[in-house]
Structures are given as C-alpha cells and as structure tokens.
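Each chain, letter by letter, is given below.
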Amino acid sequence: MTTAAAPKVVHARAPGKINVFLKVGALLQDGYHDVATAYQAVSLSEDVRASAADDFSVTFSGPIDSSKLATGGTNLAIKAARLLARKAGYRGGVHLEIEKHVPIAGGMGGGSADAAATLLACDALWGTELSREDLLDLAKQLGSDVPFAFTGGTAIGTGRGDQLSPALAKGQFQWVLAFADFGLSTPLVYSELDRHRDRHSQDIFPAAVQPQVDANVLQALRAGDPHMLAEVLHNDLQAPALHLEPELARVIELGEENGALAGMISGSGPTVAFLAANLDGALELQIALSAARLTVVRATGPVHGARILSA
C-alpha cells in the first residue's frame, strides 16, 4: 500500500530592518520624496510557508496581532505572488502562511519582508527559476523597502530607497526594540514632515532634493563601533512621528536613562530602536524596559536577506 506524498511546502524567511540613518528630501511634484538611508537588516524576521493552491490566499500566525491585516488583493505578499505568477506565466495559485514577528505599521518593513520572502518561496515552489536579478526587479515594483528585505545586510538606499548599494559593516550591532501597541501610517508621517518643515521654515535649512548619507555613518558602520554609530544615528521622520504620538519621546528618554547609547524612532515609527554598547548592555536594557511594562525584543544586525530555509 502506497501513501500519498505530503504536499510540498517551501519555507522562506526575510528580515525586518532599522534605518540607522534616514534623510528625507524635499517634496517633489509627484507628491513623493527622495531619501538617503542606511539600512541594517536585523534578526527579527518574517517566515513565509508557501504551498500550491488553485487561487491566492494568506493566513497569519505568530506573536504579532495580525487580526486587522488585509488578506485579499491589497496584501503585499499576495501582490508579490501575483506579480511573480504574471512574470513567469504561471497559471496556478498559492497559499501563504506567514508567521509574523515584525510589528505591523511599526517602521521596520514587516510587510516588505513578507513580500520578499514570498517572491523567493513562490519561485522555488513553482519552479520558475528566475534569477535573483529578475526577482530583485520584481521587488522594486512592490515597494521601496522590498528590495532591501530581499538583499539584507547593510546597504545605502537612495531614490525612493530602492536603489541599493552595499555598505561594509564590521561585526554585530546589538539593538533593543520597543514596540508600541498602535501603528503609524507611513504616508501620514511623511505628510506631517511636510507640515513640520512649513511650520519651521524660518528656523531650518530647506531640504535637499537629493539627500545624501553622512560619511560619518559609513565610517561608524565600517568600524563596527556602536559608540561611533550612536553619535550619528539620525531620522528625519522622528520629529513628525513624535508630533503625532508625543508619548514616544518618553520611551526614548527611558531607554537612554537605562543605558542605551542612543534611541531613535525606526523608519516612520512607532517602533523605537535602541543601540546598546554590547550584549550585556542590551540584556540589561531589555530587563529595565520590560520592568516598565514596555513590549521589547532584542535583535542583532546585520543579518542575511531573504532566503529559503526548506523546500
């Protein structure tokens, strides 16, 4: 008696990210901004398991509350799967099971990691055999953070953040991430940045159309020195995020009072990323912030980008 083979499941993983430096350019006529950012992929990852199906569907699990996430065509992972199917001429579908560890609307690129892992998983599941360059081109069509979730490591992003060049980072950096119990809309934070710049136009220099990453950031990453990096952490979206959610300022203060070298809003927020001097410092900070009833996790970076774990 023969038994039916178990259905094939491809398991892929992609990392969340921290923008250790983020400069936002002037508002362009199309309503967008160019950016200059230094991305670091961290060990807080999204896991995607893909199995064959007649149509496209997604379910969620993991410690992150995903009850309000879209599961239809607007979900970024579903968009990624459909885009790959069109590119490859594949006529079937896929069921995606996503185990979420990166906060939703938290400024860490969780949805982008879902999309990057989905591209890799579906390529392996369907045997489309696209090159990494082809998959990266698809990633660029899905959103500004998706290409970095695909490549991982440490990189400089320009344009909309999707034009990537690798950056050398020595050793491992220790991060403690404080999650909020609410999300922040990226378009809302960018709109608030524009209003912030208008309100303070007499006090601040006009934003460059094409911003650049500070050379001191690259030097600190190359040196693998958290003290040097702490001095140059920067995020143009922090001021508008704090204006929208003022209580985040107290979270930053609390972390810095308890040993963090520096604290900063991650991306468009509301996750706060604290840089620690070493593993012991990160552990102590995690304990202190947990005692203050904050939801915190430790993470290290840089880590690899999207990859297949099993197929």
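Scope of this entry: the structure provided in the associated data block.

The rules behind these values
Residues numbered from 1 in each chain as written. Predicted model: local features only at pLDDT ≥ 70, side-chain atom pairs only at ≥ 80, totals over all residues. Heavy atoms only, no water. Buried < 20%, exposed > 50% of the residue type's maximum accessible area, 1.4 Å probe, protein only. Helix = DSSP H or I, 4+ residues; strand = E, 2+ residues; numbered from the N terminus. Pairing = 2+ DSSP bridges.

Before going further, it helps to examine the pairing of strand β9 (residues 262–265). Burial along β9 is two-sided: Ala262 and Met264 and Gly263 and Ile265, pointing in opposite directions, are all buried. Connecting the antiparallel pair β9 and strand β10 (residues 272–276) is a turn made up of 6 residues, with Gly267 showing a positive phi of about 55°.

Before going further, it helps to spend a moment on unusual backbone geometry. The phi angle of most residues is negative, glycine excepted, and most peptide bonds adopt the trans form. Cis peptide bonds are those with omega within 30 degrees of zero, and the linkage from Gly269 to Pro270 qualifies with 5°. Mapped onto the secondary structure, Pro270 falls in the loop between β9 and β10. The omega torsion across Gly301 and Pro302 is 5°, close enough to zero to call that bond cis. By the secondary structure assignment, Pro302 is in the loop between β11 (295–301) and β12 (307–310). Positive phi values are uncommon outside glycine, yet Ala105 reaches one of about 50°. Position of Ala105 relative to the elements: it lies in the loop between β4 (93–99) and α2 (110–126). Relative accessible area serves as the criterion here: at 40%, Ala105 is assigned to the partly exposed category. Positive phi, normally seen in glycine, also occurs at Glu129, with a value near 55°. Owing to a relative accessible area of 72%, Glu129 belongs among the exposed residues under this scheme.

Interpretation note: all reported values are geometric properties and have no functional meaning in isolation.
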